[in-house]
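# Close look at the chain arrangement
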Amino acid sequence: MALLEVQNLHVHFPIRRGLLTRAPGTVKAVDGVSFSLAPGETVGLVGESGCGKTTVARALVRLVPVTKGRIFYAGRDVTALNGAALRAWRRQVQMVFQDPYSSLDPRMTVGQAIGEALDIHGLAANRTERRERVEKLLLDVGLEGSHADRYPHELSGGQRQRVGIARALAVEPKLLVCDEPVSALDVSIQAQIVNLLQDLQREHGLTYLFIAHDLAVVEHLSRRILVMYLGRIVEAGEAREVCRAPRHPYTQALLSAVPGVDPDQKRTRLILPGDPPSPLNPPPGCPFHPRCPLAEARCRVERPVLYEHTPGHFTACHLVDAPRPPRPFGSTAPGAAATSPA
Ligand code: SF4
């Protein structure tokens, strides 16, 4: 059974100009996303900024409301949980943020910040046990117990991210949603944090949804990759397959900008014209057509569906041949691994 199954997730935000005016439009930040995570698996979610990947993350941990679609955790529908049931479930799914500085209260010591997470879920019987658990968590993420007495501004960026990870781990989650956890760090520190996440996954049997725009990092960490564009998944498959044989022109452009993903393969840098269109007013047909070097007449009117053209590899593009009858992406029952090889 999948640990997490996301079915047809939509997150739309109405735009309002004034308190009493009608919403003149809707931002379709996430517009029909389906995927699953098997226990212990890492799935990478990539795309340019503004493609909706962070909104997917925030919807999964219920920081933004779900407009439509369902989220199953271990087979249980958690889409509409609230109150005590939501608080209890949140122990299972924690988020690691891009900027730990903004997620840590500058007035709290590291020990207080991590201890707060323990207190919310009643995981320490007294002050002594609380301190012991905080120090153990700090050691687990490569810091020292004495870091508990420091404030966030006294730490480096890498140390703050380690504290963010320790705080997430304090409640013993099964799933970590990591939203660009290394993109604000120096390259040398990025590698240390990626290695730490891998070590913690092995030790604790964690499952990761790893969100990033750097495909090299995502390929290194992930078994499968999902590529998002304008609120939808446009390509999905095994990480090696997607990175070595990308089929969607958008994935090809993303990969062409990454040196060293495939040292055996020389790529010509593909520069996409313009910025991604606004999710407030997405183009008709294939949403990628205004920037696609291969666009043809059909692309301007007909939206391509995400189909499995080779086992386990799904692409939404009219130019990618699909076997007949094709299996649409995310067409499996709740709890099944929708994106796993057939
Ligand atoms: Fe490009 Fe057309 Fe494929 Fe969209 S469907 S990615 S516009 S070729």
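What you see is a predicted model, and the numbers here were worked out from it, not measured in a lab. (Residues numbered from 1 in each chain as written. Predicted model: local features only at pLDDT ≥ 70, side-chain atom pairs only at ≥ 80, totals over all residues. Heavy atoms only, no water.)

### Brief notes about the side chain of R224
Relative to the helices and strands, R224 resides in strand β9 (residues 224-229). A polar atom in the side chain of R224 sits 2.7 Å from the side chain of E41. (Helix = DSSP H or I, 4+ residues; strand = E, 2+ residues; numbered from the N terminus. Polar contact = N/O pair within 3.5 Å; in protein donor to acceptor, adjacent residues only side chain to side chain.)

### A short note on the site of the ligand
As a matter of local geometry, the ligand sits amid 13 residues, with C286, C292, C299, C317 and H318 nearest to it. With respect to the pocket detection grid, the ligand is positioned in the largest cavity. Its residues assigned to classes, the shell around the ligand shows 10 nonpolar, 3 polar and no charged. (Near = heavy atom within 4 Å. 1 Å grid on protein atoms, 1.4 Å probe; cavity = no way out; pocket = protein on both sides within 12 Å on 5 of 7 lines; lining within 4 Å. Sits in = over half its atoms within 2 Å of the grid points. Nonpolar A, V, L, I, M, F, W, Y, C, P; charged D, E, K, R; others polar.)

### Quick notes on the sheet that holds strand β2 (residues 25-37)
Reading across from one edge, β2-β1-β4-β5 is the order of the 4 strands in this open sheet, with antiparallel pairing throughout. Pairing within the sheet leaves two strands with one partner each, and these edge strands are β2 and β5 (76-77). Taken strand by strand, helix α1 (residues 53-60) contacts β1 (4-15), β2 and β4 (68-73), and its axis lies near 110 degrees from that of β1. (Pairing = 2+ DSSP bridges. Contact = heavy atoms within 4.5 Å. Axes fitted to C-alpha atoms, helices over the stretch in contact; angles between N-to-C directions.)

### A look at the confidence of the model for the protein
Mean pLDDT over the protein: 89, with 89% of residues reaching 70 or higher. Across residues 332-342, confidence stays below pLDDT 50; counting only partners more than four residues off in sequence or on other chains, it has 37 contacts. (pLDDT = per-residue confidence, 0-100.)

### Things to note about the layout of surface pockets
By volume, the largest pocket is sized at about 520 Å³. Lining the largest pocket we find 20 residues, and of these R90, Q94, M95, F97 and R167 sit closest to its centre. Elements with a contribution of two residues or more to the lining of the largest pocket: α2 (83-90), β6 (93-96), α3 (100-103), α4 (110-120) and α6 (157-169). Classifying every residue of the lining of the largest pocket by side-chain character gives 12 nonpolar, 5 polar and 3 charged. (Points joined across faces, edges and corners; volume = space filled by probe spheres on them.)

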